[in-house]
Amino acid sequence: MRRLFRLATGRSTSDEDFAAEAKLHVDLRTQELIEGGMSPAAAREAASRHFGDLERISRSCREIDQNRERSMRRTELFQELRHDVRFAYRTLVRSPAFTVVAILTLALGIGATAAMFTVVNGVLLRPLPYPNAPGLVLVWTTPKSSPGVEWPFAAGNFLDLRNESRVLEHVSAFRARSFILTSDGNSELLEGARVTAGFFEALGMQPLLGRTIATEDDRAGAPHVVLLGYGLWQRRFGGDPNILGQLVALNDSSYQVVGVMPKGFAFPRGAELPSGLGFPGRSELWIPMAFLPADAENRGSQNLAVVGLLKSGRTVEDARADIALFWRGLIQRVPPLAEVLSPLVVALQDDATHGIRRSLIVLLGAVAFLLLIACANVSNLLLTRSTARHREVAIRVALGAGNRRLARQFLVENLLLALAGGACGVLLAVAGKGALFGMLPGHLPRVDDITVDWSVLALMLGIVIVAGIAFGITTAAHMTRSDHSEVLRGTGKSSVGRAHRRTRQGLIVAEVALSFILLAGAAALGRSFIVLQRVQSGMDSQGVFTAQLILPLTETFDPARDPPRWARFFREITDRLATRPGVIAAGAVTALPLSGAWESTGFSIEGRPAAEPGQTPIAQYAGVSDGYFRALRIPLRSGRFFGAEERRDSATSMIISESMAARYFPGENPIGRRIKAFFPFALEIVGVVGDVRQTTLDSPIVPSIYFPLAEYPAPNMSIVVRSQQDARALESLLREVLKEVDPGIPLSRPETMLDVLAGSLAQQRFSLILLAFFACAALGLATVGIYGVIANVVSGRTRELGIRLALGAEPKAVRLLVLRDGLVLSGLGVVIGGLGAMALGRVLASLVYAVNPVDPLALACVAVLLLGVGTAASILPALRAMRIDPIAALRAE
Amino acid sequence: MTQSVDLMQGTLEFLILKTLTWGPMHGFAVGRWIRTTTDDALEIEEGALYPALHRMERRGWVDAEWALTENNRKAKYYEITRLGREQLRKEERSWTRYVAAVAKIMAAAKA
């Protein structure tokens, strides 16, 4: 009875409760007064009056009671929950094998998902680490001949754009620049940028100390000023708080430090910008651009990156329209531009993830499949276990546990399981993060921005809760549906078993189908990777070492002013290298193959009619020293390599690539013909060399022109050295020679040519390894799943199989019966998976090179593999079925 | 009638607990017991008594149960719980200390 009142929830019960109490009080009081000699009417009146305002007292009692009930219900719920958790924990601990397998399976699925989502989150989802990131756009030009390729801007065009843009504000230009910082006789190569005033305002960056670059700094002839990056300030200046105003020696001039940027700021970061413009991985210092008056008329040298901030309320589309309008105006002033270039406006956020977005999304999809498979496996385990627990549940029902209570118990148990799995998974992801990130392609955009943050944890928690609830519902639905009295009597097995088995078989078919899709994807990427590796790079990377030399541009040493001196410097290094023992050849090139940094130029062939407007042929070009082709073993097809003639201070020759010869001189001998490219004068073709993959292995072969170094000096040169010994041993040799020639010049990016080759495949390798890993994990899980289901089927059919054996069935036939089960399930999965793989093949198309993403042969192999695995997983249960003792099986029931 | 004494809430609860140590009682009986024991010196207002009883029930000092009176009427009987006894002991101690302190002051004032 007390319990009934305790559970009273509404106002009425509590009110009636008190009304009764009050009435009794008044009655007793009345009686007392009557006994004291009052008349009944007067007594009742006095008692009521004395009791006071009934309604008010009732209200305060009710409030008190309701509070009490609320807190009681809370404690009760909490206590029950605590009991549920403790009970769940004990249940899980009691079957450690099940618990460990389930937790590990979930950990695998959730860990892989967490790791993958961390990368996707860091690279694709999180805004770039600049306050104005969402509104930042890059303005490029794009050649009419290959639209979409991002080319820089010419200074004159930029200045016009800055004045005329109506949609963008703080339009500013920047350009990569290397510096040699000398202090205390120590020189260090630093990567940074020249930027116009407004650059930091566009990004929305405030300096940590001092100020950024102001308009008065950004004039030709203004005093030299520099902004330092946080890391550089800490490393080289010990975080000196009085750094402002100090002078530092950069490229033999002195610059006054006017500001320090906050920690982590490193824009422009190479990975955010198109490769080929020479942006460093991270920038560490910034100086003003300081255009010369002549630059305003420079429309030809496209060498500036341009960034701007959308005015509030404007979109990238608005900017596109506005800049298209501006470009039409520009073409009127500078007609030749119309023929070659058009503008290209891209949101910085999009540009930064350009190359890898597709791969990451596909990989995220793949990991979601793996997670689904893991969950299907755990569901399967749970269903197996719930069959075994039928008795326990039936007893608990018989003892009075309601369906609701049971369902909650299952929910708690499964949530606990899922939480444990999720926690292990996240730990796994955090621990395995290092390995995963080590595998990330070095040029992956925004590697710096990848961390396990709250959004990753929140998503994982969400997945865990959904999974836990789903598991709980599956088990609870299954449990509460069955007839418990039959279970207790030991008869109700087959009726429950059927629906149950159907669910489990469905799960297995789904697992096999998902595994099929993953395996098919991995197979396509794998074949593509093999094909890529077989692609002839056009050179022999074995035994070659390379490093970049960046010479400081100074007043007295500027390639534009004194090219011969520039060429002599590199020639001296390569000549000295070539004379060292073991060295076969050494050369220098302005753009190393497969490093992504190549430039293109339009050209015309002497003696041929001028090309139609917009039809100007385009070739890539590079400057090379005479040892270059021999060092990379790029074969000579006809004519000769550069030699002594090109060592003169003004050379008149060029070498072209095989494909250029074939395309522009079909059936003719190009040797001796003259081509006008890049320079205002024509050069004579003296040789034809083999084609080289210049940007990446999967990029098409582009006609190429090689200029002698003396004609085309560039501030950055890559040295290539071939030796008979291990290529790695060449680094010290290179440093030695460099020290002899000029001790003040640092070496950058030293690596073997094989590493460069591997680096160019890093992104493909990354996708392949991950997808292969996911596919293998899926295969493993599916195998375990098939085994579990078939074994369960066999144990459920022990009696039937026993009867068959007793009636004289061959053990072999029984084995076949079981094997057929496994084969049917995997066969069904294979068919569904095959259809899925064909449907999803298109998604992979952009990730594979020269391979059909839906390759019948690969699909067939995957199908055979999965059917084989399905059969193999059924072998153990099949053998067990064969060995069933008919008598024991029949007696057991 | 009798002169009623204003009771602080804590004191009222203390008195109710003490009363209930004599056995389970309904609200009226609690009030009557206090009234008669103090020779009508303390008259507990119903407006204070019932909320106090309900409050104490919430705190778990008393337990309530519906039962029949000698006259076969349904009444809500309040019974002191273990927690209530503990509370009572605590209050008794502080009450004794309080009374002793007041007595000392009174004695000092007389001298």
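Keep in mind it's a predicted model, so treat the numbers as computed, not measured.

Draft legend 1. Representation of the overall build of chain A. Along its length, chain A carries 27 helices and 22 strands. The globule rule puts the C-alpha radius of gyration for 893 residues at 29 Å, and the 39 Å found for chain A is more than 25% above it. Each principal axis of the C-alpha atoms in chain A carries an extent, and together these give about 130 × 95 × 55 Å. Each of the 893 residues in chain A was classed as buried or not, and the buried ones make up 42%. The contacts in chain A between residues at least 6 apart in sequence include a share of 83% that link residues at least 24 apart.

Draft legend 2. Representation of the overall build of chain B. Per the secondary structure count, chain B includes 4 helices and 3 strands. N-terminal to C-terminal, the α/β element order of chain B is α-β-α-α-β-β-α. Of all 111 residues assigned to chain B, the portion counted as buried reaches 32%. Counted over contacts in chain B with a minimum sequence separation of 6, partners at least 24 positions apart contribute 48%.

Draft legend 3. The arrangement of the sheet that holds strand S1 (residues 25–26) of chain B in detail. All names here are of chain B. Read from one edge to the other, the open sheet built from 3 strands follows the order S1-S3-S2, with strand pairing classed as antiparallel. The open sheet terminates on both sides in strands that have one partner only, identified here as S1 and strand S2 (62–68). Here S1 runs beside strand S3 (residues 74–80); their pairing, made up of 2 bridges, is antiparallel. Within S3, the position partnered with His26 by the bridge is Tyr77.

Draft legend 4. Representation of the nonpolar core. All names here are of chain A. Among the nonpolar cores identified, the biggest contains 99 residues, and Leu370, Phe516, Leu518, Ala520, Phe774 and Ala778 are the most heavily contacted of them. Apart from the residues lying within four places of it in its own chain, the contact partners of Ala520 are Ala837, Ala858, Leu859 and Val862. Residues Leu128, Ala173, Leu190 and Ile323 belong to the second largest nonpolar core, which totals 65 residues.

Draft legend 5. Region of the structure containing the pairing of S2 of chain B. All names here are of chain B. Where S2 lies against S3, 7 bridges are found, and the strand directions are antiparallel. Paired with Trp66 across the bridge in S3 is Lys76. Here S2 hands over to S3 after 5 residues, with Asn72 in that stretch at a positive phi of 65 degrees.

Draft legend 6. Local environment of the packing of helix H25 (residues 811–845) of chain A against helix H26 (residues 856–882) of chain A. All names here are of chain A. It is at 8 Å that the axes of H25 and H26 come closest, and there the two elements cross at 155 degrees. Considering their axes alone, H25 and H26 lie roughly antiparallel with respect to each other. Like other packed secondary-structure pairs, H25 and H26 cross with a definite hand, here right-handed. Residue composition of the contact of H25 with H26, by class: 18 nonpolar, 8 polar and 2 charged.

Draft legend 7. Representation of the pairing of strand S9 (residues 285–288) of chain A. Residues and elements named next belong to chain A. Of the two faces of S9, both are covered, the one formed by Leu285 and Ile287 as well as the one formed by Trp286 and Pro288. The pairing of strand S4 (residues 186–195) with S9 spans 4 bridges and is classified as parallel. Paired with Val195 across the two strands is Pro288, which belongs to S9.

Draft legend 8. Here's a closer look at the interface of chain A and chain B. Each partner contributes residues to the interface: chain A has 18 residues there, and chain B has 18 residues. When residues in the side of chain A that touches chain B are grouped by element, the largest group, 8 residues, is from helix H4 (residues 54–94) of chain A. Taken together, the residues of the side of chain A that touches chain B break down into 8 nonpolar, 4 polar and 6 charged.

Draft legend 9. A look at the confidence of the model for chain B. All names here are of chain B. In this model, chain B carries an average pLDDT of 82, and 89% of its residues clear a pLDDT of 70 or more. S1 holds the highest mean pLDDT among the elements of chain B, 90, whereas helix H4 (residues 82–110) holds the lowest, 84. Throughout residues 1–5 the model reports pLDDT below 50, and contacts reaching past four residues in sequence, or to other chains, amount to 6 contacts. Across the predicted assembly, pTM comes out at 0.71 and ipTM at 0.81.

Draft legend 10. Representation of the packing of helix H12 (residues 357–388) of chain A against helix H23 (residues 762–796) of chain A within the structure. All names here are of chain A. Packing of H12 against H23 brings their axes to within 10 Å, and their N-to-C directions diverge by 15 degrees. On the basis of their axis angle, the class for H12 and H23 is roughly parallel. As for the relative orientation of H12 and H23, their crossing is left-handed in sense. Of the residues assigned to the contact of H12 with H23, the class counts are 18 nonpolar, 9 polar and no charged.

Draft legend 11. Just the environment of Glu658 of chain A, in detail. Residue and element names in this part refer to chain A. Within the fold, Glu658 resides in helix H20 (residues 658–664). A C-alpha to C-alpha distance of 21 Å links Glu658 and Gly607, two positions 51 residues apart in sequence. The contacts of Glu658, once residues within four sequence positions are left out, are Arg637, Val688, Val689, Gly690 and Asp691.

Draft legend 12. Representation of the environment of Ala873 of chain A in the model. Residue and element names in this part refer to chain A. Checked against the element boundaries, Ala873 lands in helix H26. Placed 87 residues apart in sequence, Ala873 and Ile786 show a C-alpha to C-alpha distance of 6.2 Å. Once residues within four sequence positions are removed from consideration, Ala873 is found in contact with Thr783, Ile786, Tyr787, Ile790 and Gly822.

Draft legend 13. Structural detail: unusual backbone geometry. In this chain, Phe267 of chain A is followed by Pro268 of chain A through a cis amide linkage whose omega measures -5 degrees. Relative to the assigned elements, Pro268 of chain A resides in the loop between strand S8 (253–260) and S9. Even without being glycine, His170 of chain A reaches a positive phi, approximately 50 degrees. Of note, His170 of chain A is situated in strand S3 (residues 168–183). The class of His170 of chain A is buried, set by 21 C-beta atoms lying within 10 Å. Residue Asp39 of chain B is not a glycine yet carries a positive backbone phi of 50 degrees. Relative to the helices and strands, Asp39 of chain B resides in the loop between helix H2 (27–37) and helix H3 (46–59).

Draft legend 14. Quick look at the environment of Ala347 of chain A. Residues and elements named next belong to chain A. Structurally, the position occupied by Ala347 is in strand S11 (residues 341–347). Between the C-alpha atom of Ala347 and that of Ser748, which follows or precedes it by 401 residues, the distance is 31 Å. Setting aside residues no more than four positions away along its own chain, Ala347 makes contact with Val137 and Val316.

Draft legend 15. Representation of H2 of chain B in the model. Within H2 of chain B, burial applies to Gly27, Phe28, Ala29, Val30, Gly31 and Ile34 of chain B. Looking at the residues trailing H2 of chain B, positive phi occurs at Asp39 of chain B, about 50 degrees.

Scoring rules and cut-offs
Starting from 1, residues in each chain are numbered consecutively following that chain's sequence as written. Here the convention is simple: chains get letters from A, ligands get numbers from 1, in the order in which they are written. pLDDT decides what is reported in this predicted model: residues at 70 or higher carry local features, side-chain atom pairs at 80 or more are listed and counted, and totals for whole chains, interfaces and linings draw on all residues regardless. Going along the chain from the N terminus, every DSSP run of H or I of four or more residues is numbered as a helix, and every run of E of two or more is numbered as a strand. The size measure is the radius of gyration over C-alpha atoms, and the globule rule it meets is 2.2 Å times the number of residues to the 0.38 power. Any residue whose C-beta has 12 or fewer other C-beta atoms within 10 Å is treated as exposed, any with 20 or more as buried, and any in between as partly exposed, C-beta atoms being built from the backbone. Contact between two residues is assigned when their C-beta atoms, built from the backbone, lie within 7 Å. A pair of strands is treated as paired once DSSP finds two or more bridges between them. Buried Ala, Val, Leu, Ile, Met, Phe, Trp, Tyr and Cys residues form a nonpolar core when they are connected through C-beta atoms within 7 Å. Think of each axis as a best-fit line through the C-alpha atoms, taken over the contacting stretch in the case of a helix, with angles from 0 to 180 degrees between the N-to-C directions. In these notes the angle categories are as follows: under 35 degrees is roughly parallel, over 145 is roughly antiparallel, 65 to 115 is roughly perpendicular, and the rest is oblique. What makes a crossing left-handed is the near helix being turned counterclockwise from the far one by less than a right angle; a clockwise turn instead makes it right-handed. Under the grouping applied here, Gly and all other residues not named as nonpolar or charged are polar, the nonpolar ones being Ala, Val, Leu, Ile, Met, Phe, Trp, Tyr, Cys and Pro and the charged ones Asp, Glu, Lys and Arg. Known as pLDDT, the predictor's confidence for each residue is given on a scale from 0 to 100.

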